[in-house]
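These are the residues of each chain, in order.
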Amino acid sequence: MNLLLASLTIGFILSLLSAGVYISFRIFHMPDITADGSFALGAAVSAVLIVQEVNPVVATSAGFAAGCVAGLVTGMLHTRFKINNLLSGILVMTALYSVNLHIMGKSNVPMLYETTLMTMAAKLPTLMGSEDVVNILGWDISNSDAATFLFAILMIVAVSVVLNRFFRTHLGTAMRATGDNPDMIRALGVNTGNMITLGLCISNGLVALSGSLLAQYQGFADVQMGIGMIVLGLASVIIGEALVGSAGIGLTLCGVIMGSLLFRLLIAIALRWGLNPTDLKLITAIFVLVALIVPRFGGKLTHRKQRSSHASDTKV
Amino acid sequence: MLRLLKKLTLGVSLIVAASAVLLISDLGQWKKGGHSVPRVAILNYATRPVLEDGQRGIFDAFKDHGFINGEDIEIKLFNAENDLPTANTMASAILGGDFDLVVSISTPCLQAMASANRNGTVKHIFGLVTDPFGAGVGISRTDPLDHPAHLAGIGTFQPVKEAFQIAREMCPEIRKVGVVWNPAEACSEACTIMARDTCKNMGIELLEATVDSSSGVLEAARALTARDVDCIWIGGDNTVELAISSLIKATSEIRVPVFANAPSSAHNGAIFGLGANYYEVGKITGDLAARTLKGLDLATVRIENVAPERLAINYEAAKGLRSTWRFTERIKKLAESANIKHDASASPPGRPGRKLQFSFVHYVESPTSEATERGFLQQLETIGLRKGVDYDIKIRSSQRDMATLMAIMDAVASEKPDALITSSTPTLQAALKRITHIPIIFGGVANPVIAGAGESYQDHLPNTTGISTMSAFEDMVTLLKECVPNAKRIGTLFVPAEINSVYYKEALEKAAQQGGLELMTVGVSTSTEVPDATLSLISKGVDVICQISDNLNNSAFSGITKAAEKTRTPLFAFVSSYAMNSGAAVALARDYDQGGRDVADLLIRVMNGESPKDIPFSYVKKTRLVINLNNAATYNLKIPAHVLEKADTVINLSSSP
């Protein structure tokens, strides 16, 4: 149960990353590698501020803002200086590695005994007079674990609601249209460059927020924690899309969150079953593969059913 | 709304199913309840030699305490494979897994485990951590007893100060020391900070250059050598350790040595390496863990810095330096027996009257061709030819591109140097095609006759001569029979697509037949097949694996090692480094370094007026016998005393002080 709770919590935290990747990758059709750098950037900024006893809410927001700045730079490089989108991402990501080192001053900032958003959330139930261990369906769970879990869910729900709302405003619609049909939207008098830049800002802000929360959850920020994050995000996005199929923005966001959750759960199962540690990555890859194939089968089945019912209709 | 729910069903149900699977696996655990034997989890961060040494030590310590895995104790191994989120998940898995004790290896694992285990659900022992006090897990730097009651372990700070002291002892006049390091590595940073202090106290100026990947090391090192450092030091830095050969390359240009805080560096060209013996560290960690299982109260454990030292020295690296570096008796006594023996092969100096022009061509940057180049340049220096004064040399590499190789040869032909030196079979073949009037002297070629340089070793092309690095098969068979008297069958992998490999296989077959042994072979074509192929070779009932040297098997040698170790089949090899750094028990090598030196000797003869036509091709003068007693012990192989006496290098790491 502990493991389930922990992997769901991490899954929720990382689904912010997936949401960020979804914006750049699916809405703007731009593989934005900046994510690898901005993930660690968010963690670094928040960690340094938290160690200096800045309010964790401020520190987390600062992490988000730093990610936005990183996205802004990538966007400017791409739209103002016409640098290839992949390359501008690579440039910013590479630069961020040094920047993160500068921010942290060293490679690893521990904050195990500092007050973070996560420890604040963990303390809440005790303050509210709950017992240290709560029993849910016969499982003993420490109230702090449950609280962090609920907090993670809250964060995600809040962010997704805001995102969903945003993408339905005029600005948000224009942004989505920029990805879908730039010529049309330009004809309507919208500056596509600005749209892309703003989109990358939001995307990297979310990625940095995810990094910031993960650092607070795990109790330390590390300069190398961003490496490979873009791949993880992409995997979740693609699993999520496979799950819900082509759908509106809100539904797809749900799918992306579910993808991220599934990804972490599958890794947890692999761990729990005590599979050979050497095979971990292989098993992860196989799980992703299965997750991609299964919905397709499901889709075929429903398709066939529809067709057969259609056939019977004509008979009658 | 219904449509919406329908679309979400699949995802939600999958998540619920996965969660249920997790819960059910937990349930089984729950119902089993009180387990009869203690359960221990080991959390390791990555598959790296150092960490694995430590892990081995931990297992051995449990064994020493009478805990046999699977009988008296249940040890479960977790390895995060270099992934932080995974390490966190594993830490939670350990918490929920009903373990009595967890042993974490490395700093990230200490942090992840300590973070998950903040409430002290399981007892936690840590090891292989450079600086536990700086890890932020609540351990006080000043009071060794001030730490969480469920958490204890040992810190292992690299003996940085001691390394600098040894450097000073060897060469009292050092003033400027350079260091290349990667700020992203916490351990490296801690070492560098320590070094700054040490240098300040010793009156040494520390020049720093930072890198973020192995590929930047050469440039960073050149930046240091340009500032005229007396030597370069490597702290516990994995990035630089990986690129140590580029560091050595830069320092050899200004003839200064490299010293390091890792014993393995001495085998790779550093003058000495002083480091922690991580196997011992693992053993101490495991000892603490075992005592905890027996009832030791962790709150009473003092957390201290423990660094069992291991010193390896390299006599070769002390040669030809601009200032003298002397191994004092004390240092020699401290050092392990992995010394590379002094090799005093002097050859007659023959200094020509004018400045000579040489061309040196590689096919690809590989350890063997680099060794040839290194030996060649060293020997020219030993003879007394000074680069830039007595000769100029242009070193080129085609970087594994045949077309480029041809272009290089054309360039050489038009430059008309005094001699062309090649370091591999393809370069020799290309040279033979394009160059007719310049003497070609080759090294690193297994069989020059097959390569087309002549009809036989005596009767060959007029402008060509050189050194063949063909393995000493007859000697190997004799040696093998001395070490494993009851061996009937030996085996090797070979690559049907590599001409040298096939040729070597046949030569070994012939030598084995003469020695009354049967040779079994398995062909391989890609490096991924090597581990399975080795196992299938072993299943053919071979008593010894005697692996010939070819490009594919050289790059996949660790695959052979693993399979051999698993089945305890002794492994013999023809490349010295496989006994030094890899799993071979015995290596009988025609050394490429020595081959390079022999090439230089031939070059001098040609420059002194002898015609290449009259110099027959010859084998590398010296065959090196390297024996690794640690590996031999793994295979339960007893090396007879008279064989040990013959050895040029004996490696025995366990006998360190």
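Anything mentioned here points back to the structure above.
Presented here is an overview of the structure given in this document. (Residues numbered from 1 in each chain as written. Chains lettered and ligands numbered in written order. Predicted model: local features only at pLDDT ≥ 70, side-chain atom pairs only at ≥ 80, totals over all residues. Heavy atoms only, no water.)

1. Some thoughts on empty space enclosed by the protein
Stated formally: Cavity and pocket criteria rest on a 1 Å grid covering protein atoms alone: a 1.4 Å probe that fits but cannot get out defines a cavity, protein on both sides within 12 Å along at least 5 of 7 lines defines an open pocket, and an atom within 4 Å of a point defines a lining residue. Grid points are joined across faces, edges and corners, and a volume is the space filled by probe spheres set on the points. Strands are runs of DSSP state E lasting at least two residues, helices are runs of H or I lasting at least four, and both sets are numbered from the N terminus onward. Each residue gets one of three labels, nonpolar for Ala, Val, Leu, Ile, Met, Phe, Trp, Tyr, Cys and Pro, charged for Asp, Glu, Lys and Arg, and polar for the others, Gly among them.
A complete count under the given rule lists 4 cavities of 30 Å³ or more for this structure. There is about 50 Å³ of room inside the largest cavity. Along its surface, the largest cavity is lined by A:Ser15, A:Leu16, A:Ala19, A:Ile156, A:Val159, A:Ser160, A:Leu163, A:Leu253 and A:Ile257. Of all the elements in the fold, those that place two or more residues in the lining of the largest cavity are helix H1 (2-27), helix H6 (143-166) and helix H11 (249-272) of chain A. Ranked by residue count, the leading element in the lining of the largest cavity is H6(A), at 4 residues. Residues belonging to the lining of the largest cavity are distributed by class as follows: 7 nonpolar, 2 polar and no charged. Its boundaries defined by the atoms lining it, the second largest cavity holds a volume of some 40 Å³. Lining the second largest cavity we find B:Thr469, B:Ser471, B:Tyr504, B:Ser549, B:Phe574, B:Val575, B:Arg590 and B:Tyr592. Across the lining of the second largest cavity, the residue classes tally to 4 nonpolar, 3 polar and 1 charged.

2. Quick look at the pairing of strand S15 (residues 440-445) of chain B
Residue and element names in this part refer to chain B. Operational definition: Partly exposed residues are those whose accessible area sits between 20% and 50% of the maximum for their type, while under 20% is buried and over 50% is exposed, using a 1.4 Å probe and protein chains only. Here, a strand pair is defined by DSSP locating no fewer than two bridges between the strands. With the strands pointing away from the viewer, any crossover whose connection runs clockwise from the first strand over the helix to the second is right-handed.
The element S15 is extensively covered by neighbouring structure, given that 6 of its 6 residues are classed as buried. In this structure, strand S14 (residues 419-422) lies alongside S15, joined through 3 bridges in parallel fashion. Paired with Thr422 across the bridge in S15 is Phe442. Handedness of the S14-helix H14 (residues 425-434)-S15 crossover: right-handed.

3. Let's talk about the sheet that holds strand S18 (residues 518-523) of chain B
All names here are of chain B. Quick reminder of the rule: Every angle, taken between N-to-C directions, lies between 0 and 180 degrees, and every axis is a line fitted to C-alpha atoms, over only the stretch in contact when it is a helix. The contact definition used throughout considers only heavy atoms, calling two residues in contact when any of these lie within 4.5 Å.
Within the open sheet, the 7 strands sit side by side as S18-S17-S19-S20-S21-S23-S24. Their pairing is mixed. Lying at the two open borders of the sheet, with one neighbouring strand each, are S18 and strand S24 (649-651). Neighbour-to-neighbour, the strand axes of this sheet turn through a mean angle of 20°, independent of strand direction. Sheet analysis places strand S17 (residues 489-494) next to S18, joined by 6 bridges and oriented parallel. Bridging across to S18, Gly491 finds its partner in Met520. Across the face of the sheet, helix H18 (residues 530-539) comes into contact with S17, S18 and strand S19 (544-547) while running at roughly 160° to S17.

4. Brief notes about the side chain of A:Ser24
Residues and elements named next belong to chain A. Within the element layout of this structure, Ser24 appears in helix H1. A relative accessible area of 2% places Ser24 in the buried class. Excluding residues within four positions of it along the chain, Ser24 makes contact with His29, Met30, Asp32, Leu200 and Ser203.

5. A closer look at the sheet that holds S15(B)
All names here are of chain B. The parallel open sheet is built from 6 strands, whose spatial order is S13-S12-S14-S15-S16-S22. Of all the strands in the sheet, just strand S13 (391-397) and strand S22 (618-619) have a single pairing partner and so form its edges. Across the sheet, H14 touches strand S12 (356-362), S14, S15 and strand S16 (464-468), and the angle it forms with S15 is around 155°. Set on the sheet, helix H22 (residues 592-607) makes contact with S12, S14, S15, S16 and S22; between it and S15 the angle comes to about 170°.

6. Focus on the interface of chain A and chain B
Note the cut-off: Between Lys or Arg on one side and Asp or Glu on the other, a salt bridge is scored when a side-chain nitrogen of the former is within 4 Å of a carboxyl oxygen of the latter. Counted as a polar contact is a pair of N or O atoms within 3.5 Å, where, for protein atoms, one must be capable of donating a hydrogen and the other of accepting one, and residues adjacent in sequence contribute only when both atoms are in side chains.
Each partner contributes residues to the interface: chain A has 49 residues there, and chain B has 49 residues. At the boundary of chain A and chain B, one finds 0 salt bridges. There are 1 residue pair in polar contact (both at pLDDT 80 or more) connecting chain A and chain B. Contributions of two or more residues to the side of chain A that touches chain B are made by H1, helix H4 (85-104), strand S1 (108-110), helix H9 (192-218), strand S4 (220-222), helix H10 (229-244), H11 and helix H12 (280-315) of chain A. Counting residues per element, the side of chain A that touches chain B draws most heavily on H11(A), which supplies 11 residues. Looking at the side of chain A that touches chain B residue by residue, the classes come out as 32 nonpolar, 12 polar and 5 charged.

7. Digging into the environment of A:Ser210
Residue and element names in this part refer to chain A. Tracing the backbone through its elements, the reader meets Ser210 in helix H9. Sequence separation of Ser210 and Phe12 is 198 residues, and the distance between their C-alpha atoms is 9.1 Å. Apart from the residues within four sequence positions on either side, Ser210 is in contact with Ile13, Leu14, Leu16, Leu17 and Phe39. A distance of 3.0 Å separates a polar side-chain atom of Ser210 from the backbone oxygen of Ile13.

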